[in-house]
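Residues per chain are reported as follows:
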Amino acid sequence: MSYIELKNVSFNYSDVTPALDAINLSLEKGKCYVLKGPNGCGKSSLFRILNGLSFPDSGEYLFNGTAITPAYLHDKKSAAQFHSHIGYLFQDPEVMLFTGSVEDEIAFGLFQLGLSDQEVHERTEHYISALSLSELRKRAPFNLSGGEKKRLALACILAMEPEVLIMDEPLSGLDEDGQNWITRALQSLKSPERLLLIATHNDELVHEISDQTILMDKYHHIM
């Protein structure tokens, strides 16, 4: 059964520049999907729609059977429920990081979920350990290396324990060790209860983690 479904979705930034053209997509839990396509084909626009940051000009986006619309996400309770189920790793992790320390960064999103102090503490400690951030816990995020920022951003997302993980070029800007570390982490995230959708140009990562590859062409279509 589809957990995410796009039905004939089109999206334009202007009247003359289509970003997505009649996209049909069906994604299931338990699979890791890799999205590939040339720069400018609409991958980032697709991710914005899936995360409720933009909305189709036409067509329909269903998340676990619920239509995701501006009206639906205008309701605070509905928006909180939707965003608790989906995590988005931006290509540039710096846009996600803004608190004074690594541990505060992880805890921030958990407090937004309304978790108890004890649960926030337990999850923060768990994901600091799981993503090898213990020695960095008091460091300000802007003082971290590119690979460390990527790990912290991933820890922030995973701590919220979403069912859907969407990642835009998770290996970009990393050295070989960083790429290998993230690849192993992504392999460990595959689960019957989780849906992974990853955009990448890295063919080795595709080989290592993909259950199904989705191709987009320069005309903003899914092939």
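Heads up: the structure comes first, above all this text.
Residues numbered from 1 in each chain as written. Predicted model: local features only at pLDDT ≥ 70, side-chain atom pairs only at ≥ 80, totals over all residues. Heavy atoms only, no water.

*Asks:* Looking at this structure, I do not really get the pairing of strand S3 (residues 32–36). What am I missing?
*Replies:* For a regular strand, side-chain orientation follows a simple rule: the groups alternate between the two sheet faces. Burial of S3 is extensive: four of the five residues sit out of reach of the surface. When S3 meets strand S8 (residues 195–199), the two strands line up parallel, connected through four bridges. Bridge pairing links Tyr33 to Leu197 in S8. (Buried < 20%, exposed > 50% of the residue type's maximum accessible area, 1.4 Å probe, protein only. Helix = DSSP H or I, 4+ residues; strand = E, 2+ residues; numbered from the N terminus. Pairing = 2+ DSSP bridges.)

*Asks:* What should I look at first to understand the side chain of Ser10 in this one?
*Replies:* Mapped onto the fold, Ser10 is located in strand S1 (residues 4–14). The exposure class assigned to Ser10 is buried, which follows from its relative accessible area of 16%. Excluding anything up to four places from it in sequence, Ser10 contacts Leu20, Asp21, Ala22, Pro56, Asp57 and Ser58. (Contact = heavy atoms within 4.5 Å.)

*Asks:* Would you mind going over the packing of helix H4 (residues 102–112) against helix H5 (residues 117–130) with me for this structure?
*Replies:* Pairs of packed helices are described in terms of their axes, by the angle between the two and the distance that separates them. Here H4 crosses H5 at 135 degrees, and the two axes come no closer than 9 Å. Judged by the inter-axis angle, H4 sits oblique to H5. As for how H4 packs across H5, the hand of that crossing is right-handed. Here Glu103, Ile106, Ala107, Leu110 and Phe111 of H4 lie close against H5, whose contacting residues are Asp117, Val120, Arg123, Thr124 and Ile128. Along the lines of polarity and charge, the residues of the contact of H4 with H5 split into six nonpolar, one polar and three charged. (Axes fitted to C-alpha atoms, helices over the stretch in contact; angles between N-to-C directions. Parallel < 35°, antiparallel > 145°, perpendicular 65-115°, else oblique. Left-handed = near helix turned anticlockwise from the far one by under 90°. Nonpolar A, V, L, I, M, F, W, Y, C, P; charged D, E, K, R; others polar.)

*Asks:* Sorry, what's going on with the packing of H4 against helix H6 (residues 146–159) here?
*Replies:* Contact geometry for H4 and H6: axes closest at 8 Å, N-to-C directions at 30 degrees. The angle between H4 and H6 places the two elements in the roughly parallel class. Handedness of the crossing formed by H4 with H6: right-handed. Residues Val102, Glu105, Ile106 and Leu110 of H4 pack against Leu152, Ala155, Cys156 and Ala159 of H6. Each residue belonging to the contact of H4 with H6 can be placed in one class, and the counts come to seven nonpolar, no polar and one charged.

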